[in-house]
Amino acid sequence: MRRKLAAGNWKMNGTPQSLEMIEVLAQSSPDADCDILVCPPATLLVSAAARAKGTPVMIGAQTCHTAETGAHTGDVSASMLRDAGASHVIVGHSERRAAYGETDALVRAQAEAAAQVGLAAIICLGETLDERDNGQALPVIRRQLAASLPQAATGTTTVIAYEPIWAIGTGKVPQMEEIAEVHTQLRTDLVEKLGPEGNAIRLLYGGSVKPGNAADIFALSDVDGALVGGASLTAADFSPIIAALRAS
Ligand code: PGA
């Protein structure tokens, strides 16, 4: 059985005050039967981890460098994130692929660097609107998976997030059948590549997940949770999404 996972990606948002939300999330789910992850900006990781201590809420980062230490001004390594209290790190988010030219090979190296220090990597994949309109969504996503998944990926080290780029921050969501089709294909590819371990890797959907559409998305088979951007910034929005996931 895969545990469900509700992951919040704050992106470049949030202040020290925003962290109060962690206690609200923890209180509203004292016997959480699904994992709750909050990924604030790097500057807030240490205080976020302190607040989450002793609660079911876990803390994640939004990217990492592939090297352990060195002359990489402005970057943060996976071991530094772990030392700051993170248990997870998002890699290959489409915003970073677009803004910094991050490639599948780099994303795989980041995921490997994370695994090496005991951080779970949330590897993001997803097609553009053009690719979807041209019938290329599945081939694009399968190529990304093949090239960014570490050889030794397991259910502990790896989570996959399917995030159609055109659905991120737009309020647009694919048809439920389209999400189901992608997740079924990803599961098939994971099992083909990793054997039974491919069944242990959680598949998240991301892109305009809101309290109003969460239940429909979580009802799909092979959707094990969500990577939530905008709606993870307040407990008022994130709590009902977590509740929908637990009820699914
Ligand atoms: P969104 O972002 O929920 O605001 O669409 C999702 C993401 O980018 O992870």
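Just so it is clear, the model here is predicted, and its values are computed rather than measured.

How do you make sense of the overall build of the chain when you look at a structure like this?
Per the secondary structure count, the chain includes ten helices and eight strands. Along the three orthogonal principal directions, the C-alpha set of the chain runs to about 45 × 45 × 35 Å. By residue count, 50% of the 248 residues in the chain fall in the buried class. Accessible area for the chain stands at about 10700 Å²; split by element, carbon and sulfur atoms hold 53% of it. For the chain, the separation between the mean place of its 19 positive charges and that of its 27 negative charges on side chains is 3 Å.

Mind showing me how you'd approach the pattern of salt bridges here?
Pairs can form between side chains of opposite charge once their charged atoms are near each other. Applying the stated criterion across every chain yields a total of 14 salt bridges. Among the salt bridges present, the one from glutamate 95 reaches lysine 11, with a minimum N-O distance of 2.8 Å. Linking glutamate 95 in helix α4 (residues 94-100) with lysine 11 in the loop between β1 (4-9) and α1 (20-28), this pair joins segments that are 84 residues apart in sequence. For glutamate 95, a relative accessible area of 37% corresponds to the partly exposed category. The class for lysine 11 is partly exposed, based on a relative accessible area of 22%. Where aspartate 222 meets arginine 187, a salt bridge forms, and the shortest distance between an N and an O atom there is 2.7 Å. Highlighted residues: aspartate 222 in the loop between α9 (214-218) and β8 (225-228) and arginine 187 in helix α8 (residues 176-194), separated in sequence by 35 residues.

Whenever I open this one, unusual backbone geometry confuses me. Can you help?
Despite not being glycine, lysine 11 has its phi angle at roughly 55°, a positive value. A positive phi angle is found at aspartate 222, which is not glycine, with a value near 70°.

I keep staring at the site of the ligand and nothing clicks. Help me out?
Lining the immediate surroundings of the ligand are 13 residues, of which Lys11, His93, Glu163, Gly169 and Ser208 lie closest. Contact between the ligand and glutamate 163: an oxygen atom at 2.6 Å from a side-chain N or O atom of the residue. In the model, an oxygen atom of the ligand is placed 2.8 Å from a nitrogen or oxygen of the glycine 229 main chain. With the chains in place, 97% of the 280 Å² that the ligand exposes on its own is no longer accessible. Its residues assigned to classes, the shell around the ligand shows four nonpolar, seven polar and two charged.

When you look at the pairing of strand β5 (residues 120-125) in this model, what are you seeing that I'm missing?
Within a regular strand, side chains alternate between the sheet's two faces. In terms of residue burial, β5 counts as a mostly covered element, since six of its six residues are buried. Relative to β5, strand β4 (residues 88-91) runs parallel, the two being bridged by four bridges. Of the residues in β5, the one forming a bridge with valine 91 is isoleucine 123. Across five bridges, β5 lies against strand β6 (residues 158-162) in parallel orientation. Among the inter-strand pairings, isoleucine 123 is bridged to a residue of β6, identified as isoleucine 160.

Which parts of the structure should I look at to understand the sheet that holds β5?
Each strand in a sheet pairs with another by means of backbone hydrogen bonds, the pair being arranged parallel or else antiparallel. Read once around its circumference, the closed barrel built from eight strands follows the order β1-β2-β3-β4-β5-β6-β7-β8, with strand pairing classed as parallel. Looking at each pair of strands side by side, their axes are set apart by 25° on average, direction ignored. Packed onto the sheet, α1 meets β2 (34-39) and β3 (57-61) and runs at close to 140° relative to β3.

Looking at this structure, I do not really get the packing of aromatic side chains. What am I missing?
In this description, a pair of aromatic rings is defined by centroid distance and the angle of the planes. Applying the stated criterion to the full structure yields one aromatic pair. Look at tyrosine 162 and tyrosine 205: their rings are 6.1 Å apart centre to centre, the planes differ by 65°, and that puts the pair in the edge-to-face class. Of the two residues, tyrosine 162 is situated in strand β6 and tyrosine 205 in strand β7 (residues 202-206); the sequence distance between them amounts to 43 residues. Accessibility assignment for this pair places tyrosine 162 and tyrosine 205 in one class, buried.

Reading the values: rules and limits
- Residues numbered from 1 in each chain as written.
- Predicted model: local features only at pLDDT ≥ 70, side-chain atom pairs only at ≥ 80, totals over all residues.
- Heavy atoms only, no water.
- Helix = DSSP H or I, 4+ residues; strand = E, 2+ residues; numbered from the N terminus.
- Buried < 20%, exposed > 50% of the residue type's maximum accessible area, 1.4 Å probe, protein only.
- Areas by Shrake-Rupley, 256 points an atom, 1.4 Å probe, with all protein chains shown as cover.
- Lys, Arg positive; Asp, Glu negative; His and termini not counted.
- Charge placed at Lys NZ, Arg CZ, Asp CG, Glu CD.
- Salt bridge = Lys/Arg side-chain N within 4 Å of Asp/Glu carboxyl O.
- Near = heavy atom within 4 Å.
- Polar contact = N/O pair within 3.5 Å; in protein donor to acceptor, adjacent residues only side chain to side chain.
- Nonpolar A, V, L, I, M, F, W, Y, C, P; charged D, E, K, R; others polar.
- Pairing = 2+ DSSP bridges.
- Axes fitted to C-alpha atoms, helices over the stretch in contact; angles between N-to-C directions.
- Contact = heavy atoms within 4.5 Å.
- Phe/Tyr/Trp six-rings, centres within 6.5 Å; stacked < 30°, edge-to-face > 60°.

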